[in-house]
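# Observations on the model geometry
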Number of protein chains: 2
Amino acid sequence: MARRNDHSRDEIRAMALSAAEALLDREGVAGLSTRKIAAEIGYTVGSLYLVFDNLDDLILQVNARTLAALAEWLDRAALAQPDAAAGVRALGRTYVRYADRHRSRWELIFNRQRASDAVLPDWYLQSVAGLFERVERQLADYAPQRTAADRSLAARVLWSGVHGVCTLALSDRLDIAGIAEAERLTDSLIENYLAGWVNNSGEWQMVREDT
Amino acid sequence: MARRNDHSRDEIRAMALSAAEALLDREGVAGLSTRKIAAEIGYTVGSLYLVFDNLDDLILQVNARTLAALAEWLDRAALAQPDAAAGVRALGRTYVRYADRHRSRWELIFNRQRASDAVLPDWYLQSVAGLFERVERQLADYAPQRTAADRSLAARVLWSGVHGVCTLALSDRLDIAGIAEAERLTDSLIENYLAGWVNNSGEWQMVREDT
DNA sequence: ACCTGAACACCGTTCAAGT
DNA sequence: ACCTGAACACCGTTCAAGT
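Residues numbered from 1 in each chain as written. Chains lettered and ligands numbered in written order. Predicted model: local features only at pLDDT ≥ 70, side-chain atom pairs only at ≥ 80, totals over all residues. Heavy atoms only, no water.

### As for the packing of helix α8 (residues 148-170) of chain A against helix α9 (residues 178-198) of chain A
Residue and element names in this part refer to chain A. Defined as follows: Axes here mean lines fitted to C-alpha atoms, for a helix over just the part in contact, with angles spanning 0 to 180 degrees between N-to-C directions. Here a helix means four or more residues in a row that DSSP labels H or I, a strand means two or more in a row labelled E, and each is numbered from the N terminus. If an angle is under 35 degrees, it is roughly parallel; if it is over 145, roughly antiparallel; if it lies from 65 to 115, roughly perpendicular; otherwise it is oblique. Handedness of a crossing follows from how the near helix is turned relative to the far one, being left-handed for an anticlockwise turn of less than a right angle and right-handed for a clockwise one. Any two residues having at least one pair of non-hydrogen atoms within 4.5 Å are treated as being in contact. All amino acids are sorted into three groups, where Ala, Val, Leu, Ile, Met, Phe, Trp, Tyr, Cys and Pro are nonpolar, Asp, Glu, Lys and Arg are charged, and the leftover types, Gly among them, are polar.
Their axes nearest at 9 Å, the elements α8 and α9 cross at an angle of 160°. Overall, the two elements α8 and α9 adopt an arrangement that is roughly antiparallel. Viewed along their axes, α8 and α9 form a crossing whose handedness is right-handed. For the pair α8 and α9, the contacting residues are D150, R151, L153, A154, V157, L158, G161, V162, V165 and A169 in the first and G178, A182, L185, T186, L189, I190, Y193, L194 and W197 in the second. Grouping the constituent residues of the contact of α8 with α9 by class yields 14 nonpolar, 3 polar and 2 charged.

Take a look at the structure:
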């Protein structure tokens, strides 16, 4: 066990992240712990703190990997779609499938509450923004006449909506039975939202009651 | 402190649930613990286990109260709306506002992973279904020509979508800055989805590629 | 310099023992 | 019968001590 200079800091970091992913896949989000990760890589808990600030930092780096993998899935899916509407649908379905396939890794991104003072680092926020821009790019194709602000809002609505379907589907709520149902809901969301949106000047957004 | 027969089981149960809510509001989801709840009501941890199966059971009963309160908010909001579309929008906004106002209680419903074998009791699932039916009822008004299955799907899409907006907005993702932005996204989601949906025969749902 | 091992302050849960 | 107090098996995090 305990040894010196067997691994560089970067090696230990990489080993820990892989061990965390394995643990996550095997035991779920609740099964993740610094002590288990340390045991898995043959080091003591203390050593993890030489390489990570704390568990939240470690998790953030696992999440970064997850986001990168999701980005690859999305890029593959968006390729070779007949049109932009199909592109958006493909992105939505791919998100659902990724979440289903790597459920615990996906849950880890959302199901952990960080300390409220802990601000997400810039590189992380940009990684999230990158995912989100893939939707915006499809929308630019789909509705070039709309303003960038309109498209940005629509992209956020669609992204949030698909995310919501995933959240409820993968936790078996609303009788959304598994991935097939989740994909149906995602299709319906995107198809109908886009149909309404493309015919909509955006002016209704000015009409807000003060209820 | 330690006393006998000061309170009935039901009284202890009610005290514990109230203490849990207070703790939740004060310290957030992460601040909730059996030991703190017990201390707050002047009993020992062990006593909680005479009245609840375990922490998950206690949380489930806190969640039931939260759902009941949300149902009241939704009912008040749906009253006196000019039409069904406005009714759906009012439900959406009210959901967002409730989540914002009682953030920790709302998070508790979703942010805790129960053991995978733990099945939600029937009374709880029916309470969730009840919320959801409020949307379906508005949709029945809005599009009486659509089948019940169509409306059920649309209601789930809208509910999931609004939920997704909340999730991402209240965790400050996608640059969704707080409740005002969340309400804008919710409005856009509902308005455009309904516009697309009401003009849509539903046949596109049959056209599914096998990507 | 690198890593350990033990400590600290917390958890959820159980259960013999007290009244 | 009701409730406690201590125990058990876990946590995340820190840090003096060892090599």
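That covers the picture; the talk isn't over yet.
### Quick word on α8 of chain A
Note the cut-off: Take the number of residues in a helix, subtract one, and multiply by 1.5 Å to get its expected span. Buried, partly exposed and exposed residues are distinguished by accessible area as a fraction of the type maximum, computed with a 1.4 Å probe on protein chains only: under 20%, between the cut-offs, and over 50%, respectively.
Its 23 residues give α8 of chain A an end-to-end C-alpha distance of 32 Å, which sits within 8% of 33 Å, the value for a rise of 1.5 Å per residue. For α8 of chain A, a buried count of 21 out of 23 residues is recorded, marking the element as mostly surrounded by other parts of the structure.

### Thoughts on the environment of A77 of chain A
Residue and element names in this part refer to chain A. Looking at the secondary structure, you find A77 in helix α4 (residues 55-78). Exposure remark for A77: the relative accessible area of 16% places this residue in the buried category. C-alpha of A77 to C-alpha of G92: the two residues are 15 residues apart in sequence and 9.6 Å apart in space. Discounting residues that sit within four places of it in the chain, A77 has contacts with A90 and T94.

### Here we look at helix α6 (residues 103-111) of chain B
Within α6 of chain B, 8 of the 9 residues are buried, which leaves it mostly tucked inside the rest of the structure. Every buried residue of α6 of chain B is accounted for by S104, R105, W106, E107, L108, I109, F110 and N111 of chain B.

### A look at the state of the cysteines
Short version of the rule: Only a pair of cysteine sulfur atoms within 2.5 Å counts as a disulfide in this structure description.
This model, assessed by the stated rule, comprises 0 disulfides over all chains. For C166 of chain A, which is in no disulfide, the shortest distance to another cysteine sulfur is to C166 of chain B and amounts to 16 Å.

### What about unusual backbone geometry?
Residue and element names in this part refer to chain A. The phi dihedral of A80 is positive, around 60°, even though this residue is not glycine. Locating A80 in the fold gives a position in the loop between α4 and α5 (84-101). The exposure class of A80 is exposed, given its relative accessible area of 81%.

### Looking at the packing of aromatic side chains
Residues and elements named next belong to chain A. We apply this condition: Two aromatic rings from Phe, Tyr or Trp, using only the six-membered ring of Trp, form a pair when their centres are within 6.5 Å; if the ring planes differ by under 30 degrees the pair is stacked, by over 60 it is edge-to-face, and anything between is tilted.
Inspection of every chain in the model, using the stated rule, returns 10 aromatic pairs over all chains. Seen from their ring centres, W73 and Y98 are 5.0 Å apart, and the 90° between their planes marks the pair as edge-to-face. Of this pair, W73 sits in helix α4 while Y98 sits in helix α5, placing them 25 residues apart in sequence. Ring geometry for Y95 and W106: centres 6.4 Å apart, planes at 80°, overall edge-to-face. Of this pair, Y95 sits in helix α5 while W106 is found in helix α6 (residues 103-111), placing the two residues 11 residues apart along the sequence.

### Quick look at the pattern of salt bridges
Residues and elements named next belong to chain A. For clarity, the threshold we go by: Any carboxyl oxygen of Asp or Glu within 4 Å of a side-chain nitrogen of Lys or Arg constitutes a salt bridge here.
Scanning the entire structure with this criterion turns up 28 salt bridges over all chains. The residue R13 makes a salt bridge to D10 at a minimum N-O spacing of 3.4 Å. Separated by 3 residues within a single helix, R13 and D10 lie in helix α1 (residues 9-27), roughly one turn from each other. For R13, a relative accessible area of 23% translates into the label partly exposed. The exposure class assigned to D10 is exposed, which follows from its relative accessible area of 53%. Note that R146 is salt-bridged to D150, the shortest N-O span being 3.0 Å. Just as R146 is buried, D150 falls in that class too. Each of R26, E27, K36 and E40 takes part in salt bridges that share partners, so that together they form one network.

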